[in-house]
Amino acid sequence: TLAESQAPEETIELLNTYYALMFDAISGHGGIVTMMMGDGLMAVFGAPLPLPDHGRSAVDAALEMIELVDLFDVERVATAKPRIAIGIGIGSGEMVAGYAGTSQRAAYTCIGDTVNLAARLEQHTKVAQRPILIDRATRDRLGEQVEVEPLGPVQFKGKSADVDVFAVRVPDKR
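So, here is what we can say about the structure in this document. Just so it is clear, the structure is predicted and the values come from calculations on it, not from any experiment.

What counts, and at which threshold
- Residues numbered from 1 in each chain as written.
- Predicted model: local features only at pLDDT ≥ 70, side-chain atom pairs only at ≥ 80, totals over all residues.
- Heavy atoms only, no water.
- Phe/Tyr/Trp six-rings, centres within 6.5 Å; stacked < 30°, edge-to-face > 60°.
- Buried < 20%, exposed > 50% of the residue type's maximum accessible area, 1.4 Å probe, protein only.
- Helix = DSSP H or I, 4+ residues; strand = E, 2+ residues; numbered from the N terminus.
- Contact = heavy atoms within 4.5 Å.
- Pairing = 2+ DSSP bridges.
- Axes fitted to C-alpha atoms, helices over the stretch in contact; angles between N-to-C directions.
- Salt bridge = Lys/Arg side-chain N within 4 Å of Asp/Glu carboxyl O.
- Expected span 1.5 Å × (residues − 1).

Quick look at the packing of aromatic side chains
So, step 1. On inspection of all chains with the given rule, the structure shows three aromatic pairs.
So, step 2. Note on Tyr18 and Tyr19: the rings are 5.6 Å apart at their centroids and 45° apart in plane angle, and the pair reads as tilted.
So, step 3. Judged by its relative accessible area of 10%, Tyr18 falls in the buried class.
So, step 4. One aromatic cluster is present, formed by Tyr18, Tyr19 and Phe23 through successive ring pairs.

Pasting the structure below:
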């Protein structure tokens, strides 16, 4: 919607600022961005190097990402520009991380059911109207360190069984 309502130069400036904020939050918590797709991105915590508390690191990065977007929105509203909103899906589990592609072009990426589930959780943020959703495996790794709201089981495309979904409580700082 934003790309339709503004000049391409404004869109690329918005994306560059947004990506800079998101990369800082992700790398600041030990993650790496493995892919950018339009206005979305994929990050991994715990690969290629192990990260002992990768679930907590991913949730902390997500909370910082939401906070940074909220601060960015204050600037946007002050200049009569529309707010932006993001959704974040976090899944924990097995995956394969490595280079995929050809000898001419390869990229470091992650592949597996856990990656697909995280993408489905991100998409579900719009339905659940919560900015950060996690799966049961991530929830179990967090213990009681992070406040979550159980949203119940959800049937996702590509999953044979329902997935227990939890929303991470985002502190309201407005």
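Once you've had a look at it, read on.
What about the side chain of His124?
So, step 1. Mapped onto the elements of the fold, His124 is located in helix H4 (residues 113–128).
So, step 2. Setting aside residues no more than four positions away along its own chain, His124 makes contact with Leu133, Val154 and Phe156.

Concerning the sheet that holds strand S3 (residues 88–90)
So, step 1. Ordered by their spatial adjacency, four strands build an open sheet running S3-S6-S8-S7, and the pairing between neighbours is mixed. At either margin of the open sheet sits one strand with a lone partner, and together these are S3 and strand S7 (148–154). The average undirected angle you get between the axes of adjacent strands in this sheet is 25°.
So, step 2. Strands S3, strand S6 (132–135) and strand S8 (163–168) of the sheet are contacted by helix H3 (residues 54–78), whose axis makes an angle of about 175° with S3.

What about the pattern of salt bridges?
So, step 1. Using the criterion set out here, one finds nine salt bridges in the structure.
So, step 2. A salt bridge links Lys159 to Asp113, with the shortest nitrogen-to-oxygen separation between them at 2.6 Å. Taken as a pair, Lys159 in the loop between S7 and S8 and Asp113 in helix H4 lie far apart in primary sequence, 46 residues in all.
So, step 3. You can call Asp113 partly exposed: its relative accessible area is 41%.

Quick notes on H4
So, step 1. Look at H4: 21 Å from first C-alpha to last across 16 residues, which is about the 22 Å you get at 1.5 Å a residue.
So, step 2. The complete set of buried residues in H4 reads Thr114, Val115, Leu117, Ala118, Leu121, His124, Thr125 and Ala128.
So, step 3. On its buried face, H4 is in contact with strand S2 (40–45), S3, strand S5 (106–111), S6, S7 and S8.
So, step 4. Directly after H4, the chain includes Gln129, whose backbone phi takes a positive value near 55°.

Read these as geometric descriptors, not functional statements.
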